[in-house]
Amino acid sequence: MWDSFLEGAQLCLRLDTFGMVSLGLILGILVGALPGFTTVMAMAILLPISFFLHPLVGIPFLIGVYKGGIFGGSISAILVSIPGTGAAVATTFDGPALTKKGQGRKALEIALYSSVFGDFSSDILTLFFIGPIAIIALKVGPPELAAIVLLSLIIISTTSSGSAVKGLIMCFIGLLFSMVGQDPLGYMSRFTFGIFAVKAGIPLLPMLIGVFAIPEILGAIEREVPSFISEKVDLSKAGEKLRYEEFRRCFRTILRSTGIGAALGACPGVGQVVAAFVGYASAKKASKHPETFGKGELEGVAAAEAANNAVNGPTLVPLLTLGIPGDNVTAILLGAFIAQGLRPGPRLLTEHGPTVFALLVAMLLANILFLILGYVAVPIFARIVTIRKSILLPVITIFAFAGSYVFRSDPFDLKVLVFFGALGYAARKLQFDVSPMVMAFILGPILEYSFGQTVNLAGGNLLHYIFIDRPFATGIFMLIPVVSVLFALRAVRKRRKARSQNSPMKGGEG
Amino acid sequence: MSRKTIFRFLLVGLILVFVISGTAVAAKYPKKPITMIIPFGAGGSHDLNARVFTSIIPQYLGQAVVVKLMPGAGGQTGTAAAVRAKPDGYTLIFTHNYVDQLQPLIEELPYDTMKALVTVWRLNYAPPIVFVRVDRPWKTLEEMLDYGRKNPGKLQFAHSGKWGATFTPGAMMLSKAGVNAQFIPYKGGGPAVAAILAGDADFHLGFPSVVLPHAKAGKVRLLAVAGDKRLKEIPDIRSFKELGFEGGNMDRIIMAPRKMKEDNIKILRDAFRKLYDDKTFKNLMGKIGENMLYMDGPDYEKLRARQKEQYRELVKKITGK
């Protein structure tokens, strides 16, 4: 294996590989930054180009588009509160708040560094532990997935800010929205009220843009105060760079999120969105000052970005070892592999060992190029917010609508955007946090689906099936009460500490 | 960047748009790019096939073919859009037989594909293969079905979505054999294949490009090939027809509105016919592992009507409607 690794490493040291990866990264960043254009769309369109290139040029090119696209999605999330993909939702918790404080560039830089770190470490893990990850990937079936998602939901929900009751209400609303359309198991329509357009369910992207971007725009207009950044361009401040100490402060968070992302990435079906949420929630939980999260905390951006990028390496493993793509992105990569005569599957490593290792090394190189290109791109993007508000706000509005439409070219999605924009605005006025709703909307269907499959697999004897036949799932289910008790104890201890600190002065308030 | 330079960029962009669209004025159909709706998501086999043929067919059509992915509701969102589009020949749909012929039988839809759409071309087809993990005791399809008959509700069938391309042939086989199996839904073919490899479920019907590598690696045992013919890669595995079962192929078909001008449909069909002599096309289709067993529109229309009746019987049997 070491031989093929060395051989592979030599294979990909080519100038054209570097060139095409850079081109892919630039295209990816641009497309990802445009709302409504997803990374998957960009990759599908650019796929035929890779057919005509050498495997070690064409496939790294697509990987470049992929990596660039994810970072591009966080650019619009941080600067104008439009998450380009579900994976960038957790970035909108702190990104836009930082931009408002005039720290947009810092936020972008920490996003870049965390993304690259998460990506790089997960790629190295993948490179060395491809075998074990493949085994884990096969062990994670529906019952295990259900257990992981349930555990994630508990971790996420116990860290949401503000009133617990309000959070729960929003969570239930989100679950209800997620049930609109055909049920995932039997394809029966529910809650559609005979409207054909919602039969496929409520589309995620217009909803995300609606609840996150529209209230931001309306709020800025309403208050007539410089919401995005001061009216008169204060370039020196908007362009303020990230300091080394700030990066140091975030480093523990980045490490934690990378671990979480890589672990969740090894479990097929979990995905970047869950990883970003869990990474964010854990960072908040571990922080000594959780109250700053959601109000412009660099660590918040770092947590989400490191986690969602760390998913990337391990998700490639089922593709390489089984020929089974875990998501749309890896499905497109599968197409690129096959067109090059490399059929991913059980014999790929033995038949094309050097090429596969060359590709993995090319991924590592792509990360380094990503760091360099991102470093160049960040100041350019950071200046977007210095455009005068009277121009910027209408432009963002246009992008919000265009982005919702272009996603699948259905005019109905514009209605969805307006509906969720109004809902998000109302929620903000009533001081409801929309993020539990979005989390429930995204995670609910995964849980429902995997639980439904589990019930089917169990064939009528659910407890026996989970606790006797699936020891892996049992283990994760056992973690749920342990984690809950730990969190509860921690919360009690924190409250007690706060009380003992406050009591001499304020007399036991808390 | 000053505002002046931004405006300059916009101006150049506008001019470019006009120049490009200006060259597109031609005498007859197609006068402008054709939109090809795919009612499925990015990265699926339809997407892959479409990327190949849309990158070559402009040479024979004189116009670009633009892929538009409209996934949702198991293909219904995109199909509805194709049916609603103006029948001017500039909106086509690239779909498959289960969305086209089976889905309208299951539930009430705001369209009737048989009335609204007509076949331009069948690009190719994919025959799913019945397979099990090697540690399962059944050496042949009959043995497996016998086990299923003797143990009602025990045999686990992993499928890739209700009434889809792997569900329907499997359900037709089980219903004809009189087996009461447990149906386990998975999100697409990939996870279903993984479920078989992990031993979570008993059998699945997977497409050759995915299943054959695992058979070669000795991880799965192949029991039968859906459809009428054996596959040349696996000449020992019997076909559904030999075993007394029917149908089972997934036809990848390009459909146009029935109201479209007959002459224009012919222009499209001629372009597709020329495509099959194109070397690059042959090469790329071979590379993505797809066959080139096309069928002309009128021929497929006959098959389409036959399959519709088959599905009608199946649905009656399963749902009791």
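Residues numbered from 1 in each chain as written. Chains lettered and ligands numbered in written order. Predicted model: local features only at pLDDT ≥ 70, side-chain atom pairs only at ≥ 80, totals over all residues.

S.K.: How would you summarise the overall build of chain A if you had to cite specific residues and measurements?
M.R.: Looking only at helices and strands, chain A has 23 helices and two strands in total. For a compact globule of 510 residues, the expected C-alpha radius of gyration is about 24 Å, and chain A comes in at 23 Å, within 12% of that figure. Considered along the principal axes of its C-alpha atoms, chain A spans approximately 70 × 60 × 55 Å. Looking at chain A as a whole, 55% of its 510 residues qualify as buried. (Helix = DSSP H or I, 4+ residues; strand = E, 2+ residues; numbered from the N terminus. Rg over C-alpha atoms; globule rule 2.2 N^0.38 Å. Buried ≥ 20, exposed ≤ 12 C-beta atoms within 10 Å, placed from the backbone.)

S.K.: Break down the overall build of chain B for me, citing the residues and quoting the values.
M.R.: Looking only at helices and strands, chain B has 14 helices and eleven strands in total. Structurally, chain B occupies a C-alpha span of about 75 × 45 × 40 Å along its principal axes. A buried classification covers 48% of the 321 residues belonging to chain B.

S.K.: So what's going on with helix H4 (residues 55-80) of chain A? Which residues, and what values?
M.R.: The end-to-end C-alpha distance of H4(A) is 37 Å, a good match for the 38 Å that 26 residues give at a rise of 1.5 Å each. Positive backbone phi, approximately 65°, marks A:Ser81, located one or two places after H4(A). (Expected span 1.5 Å × (residues − 1).)

S.K.: Describe the environment of B:Ile254, naming the residues involved and giving the relevant values.
M.R.: Residue and element names in this part refer to chain B. Tracing the backbone shows Ile 254 in strand S10 (residues 250-257). Judged by the 22 C-beta atoms lying within 10 Å of it, Ile 254 is buried. Between the alpha carbons of Ile 254 and Val 120 there is a distance of 5.5 Å; along the sequence they are 134 residues apart. Contact partners of Ile 254, with chain neighbours within four places excluded, come to Leu 92, Phe 94, Val 120, Trp 121 and Leu 123. (Contact = placed C-beta atoms within 7 Å.)

S.K.: Which residues make up the domain arrangement of chain B, and what values go with them?
M.R.: Residues and elements named next belong to chain B. Here chain B is described as being made up of domain 1 (24-124 + 251-319) and domain 2 (129-243). Between domain 1 and domain 2, the C-alpha centre-to-centre distance is 28 Å. With ten residues of domain 1 in contact, the opposing surface of domain 2 contributes nine residues. For the side of domain 1 that touches domain 2, the secondary structure elements donating two or more residues are helix H5 (97-106) and helix H14 (297-319). Of the residues forming the side of domain 1 that touches domain 2, the biggest block, four residues, is contributed by H5. Looking at the side of domain 1 that touches domain 2, its residues break down into five nonpolar, four polar and one charged. (Domains from an automatic or database assignment. Nonpolar A, V, L, I, M, F, W, Y, C, P; charged D, E, K, R; others polar.)

S.K.: Go over the pairing of strand S6 (residues 156-159) of chain B with me, naming the residues and quoting the values.
M.R.: All names here are of chain B. Of the two faces of S6, the one lined by Gln 156 and Ala 158 and the one lined by Phe 157 and His 159 are each fully buried. Pairing of S6 with strand S7 (residues 182-185), which is carried by four bridges, proceeds in the parallel orientation. Opposite Ala 158, over in S7, you have Ile 184 as the bridge partner. For the segment spanning S6, helix H8 (residues 167-177) and S7, crossover handedness is right-handed. (Pairing = 2+ DSSP bridges. Right-handed = clockwise from strand over helix to strand, strands pointing away.)

S.K.: Help me get a handle on the interface of chain A and chain B, residues and values and all.
M.R.: With 38 residues of chain A at the contact, the number on the chain B side is 42 residues. Along the lines of polarity and charge, the residues of the side of chain A that touches chain B split into 22 nonpolar, twelve polar and four charged.

S.K.: So, the nonpolar core: which residues are in play, and what are the values?
M.R.: Of all hydrophobic cores here, the largest spans 250 residues; its most connected members are A:Met43 and A:Leu62. In contact with A:Leu62, not counting residues within four places along its chain, are A:Gly24, A:Met43, A:Leu46, A:Leu47, A:Ser50, A:Ile332, A:Leu333 and A:Ala336. (Core = buried A, V, L, I, M, F, W, Y, C linked by C-beta atoms within 7 Å.)

S.K.: Explain the sheet that holds strand S3 (residues 91-96) of chain B to me, and be specific about the residues and the numbers.
M.R.: Residues and elements named next belong to chain B. Taking strand neighbours across the sheet as the criterion, the six strands line up as S2-S1-S3-S10-S4-S11 in an open arrangement whose pairing is mixed. On the outer flanks of this sheet lie strand S2 (65-69) and strand S11 (295-296), each paired with one strand and no other. In terms of strand pairing, strand S1 (residues 34-38) meets S3 through three bridges, oriented parallel. Looking across to S3, one finds that Met 36 is bridged to Leu 92. Strand contacts of helix H4 (residues 76-84): S1, S3 and strand S4 (117-126), with the helix running at about 145° to S3, the strand carrying the most contacts. Each of S4, S10 and S11 is contacted by H14, which is oriented at about 85° to S4, the strand it contacts most. (Axes fitted to C-alpha atoms, helices over the stretch in contact; angles between N-to-C directions.)

S.K.: Go over the environment of A:Ala88 with me, naming the residues and quoting the values.
M.R.: By the element assignment, A:Ala88 lies in the loop between H4 and helix H5 (95-100). Once residues within four sequence positions are removed from consideration, A:Ala88 is found in contact with A:Gly73, A:Ser74, A:Ala77 and A:Pro83.

S.K.: Can you tell me about the domain arrangement of chain A, naming the residues and giving the values?
M.R.: If you check the domain split of chain A, you get domain 1 (2-141 + 206-406) and domain 2 (470-510). Centre-to-centre, using C-alpha coordinates, domain 1 of chain A lies 33 Å away from domain 2 of chain A.

S.K.: Give me the lowdown on helix H12 (residues 244-265) of chain A, citing residues and values where you can.
M.R.: Residue and element names in this part refer to chain A. With 22 residues, H12 extends 29 Å from end C-alpha to end C-alpha; this agrees with the ideal 32 Å at 1.5 Å per step. Within H12, the axis deviates most sharply at Cys 250, by approximately 40°. When H12 is considered as a whole, its buried residues turn out to be Cys 250, Thr 253, Ile 254, Ser 257, Thr 258, Ile 260, Gly 261, Ala 262, Ala 263, Leu 264 and Gly 265. Looking at the buried positions of H12, the neighbouring elements they touch are helix H6 (104-128), helix H13 (271-286), helix H14 (298-310) and helix H15 (312-322). (Bend = angle between axes of the 7 residues up to and from the residue.)

S.K.: Can you lay out the confidence of the model for chain A for me, pointing to particular residues and giving the numbers?
M.R.: Detailed reading of the predicted model is not advised wherever pLDDT is low. Residues and elements named next belong to chain A. Considering every residue of chain A, the mean pLDDT works out to 84; 94% of them sit at 70 or more. By mean pLDDT, helix H11 (residues 235-238) is the weakest element of chain A at 52, and helix H20 (residues 412-429) is the strongest at 94. A low-confidence stretch, residues 229-233 stays under pLDDT 50, and its non-local contacts, those more than four residues away or across chains, total eight contacts. (pLDDT = per-residue confidence, 0-100.)

S.K.: Can you break down the pairing of strand S9 (residues 220-225) of chain B residue by residue, with the values?
M.R.: All names here are of chain B. Judged by how many residues are buried, S9 sits mostly within the fold: six of six residues are covered. With five bridges connecting them, strand S5 (residues 129-133) and S9 associate as antiparallel partners. Bridged to Ile 129 within S9 is Val 225.

S.K.: Tell me about the packing of helix H2 (residues 45-56) of chain B against helix H13 (residues 279-287) of chain B, and name the residues and values.
M.R.: Each packed pair of helices is defined by two parameters, the angle between the axes and the distance between the axes. All names here are of chain B. H13 packs onto H2 with a crossing angle of 170° between their chain directions and a minimal axis gap of 10 Å. The angle between H2 and H13 falls in the class roughly antiparallel. Contacts between H2 and H13 pair Val 52, Phe 53 and Ile 56 from the former with Thr 280, Phe 281, Leu 284 and Met 285 from the latter. For the contact of H2 with H13, the residue count by class is six nonpolar, one polar and no charged. (Parallel < 35°, antiparallel > 145°, perpendicular 65-115°, else oblique.)

S.K.: Summarise the packing of helix H3 (residues 39-51) of chain A against H4(A); cite the residues concerned and give the values.
M.R.: Residue and element names in this part refer to chain A. At a closest axis distance of 10 Å, the pairing of H3 and H4 adopts a crossing angle of 165°. The angle between H3 and H4 falls in the class roughly antiparallel. For H3 against H4, the interelement crossing comes out right-handed. Packed against H3, whose contacting residues are Thr 39, Ala 42, Met 43, Leu 46, Leu 47 and Ser 50, the element H4 presents Gly 58, Ile 59, Phe 61, Leu 62, Val 65, Tyr 66, Gly 69 and Ile 70 at the interface. When its residues are assigned to classes, the contact of H3 with H4 shows ten nonpolar, four polar and no charged. (Left-handed = near helix turned anticlockwise from the far one by under 90°.)

S.K.: Explain the confidence of the model for chain B residue by residue, including any values.
M.R.: The share of residues in chain B with pLDDT of 70 or more is 91%, and the mean pLDDT across the chain is 87. The ipTM value of the predicted complex is 0.78, and its pTM value is 0.81.

S.K.: I'd like to hear about unusual backbone geometry, residue by residue, with values.
M.R.: Note the cis peptide between B:Tyr29 and B:Pro30, where omega equals -5°. On the secondary structure map, B:Pro30 appears in the loop between helix H1 (3-22) and S1. Notably, A:Phe193 is not glycine yet its phi reads approximately 50°, a positive angle. When you line up the elements, A:Phe193 lands in the loop between strand S2 (189-190) and helix H10 (204-223).

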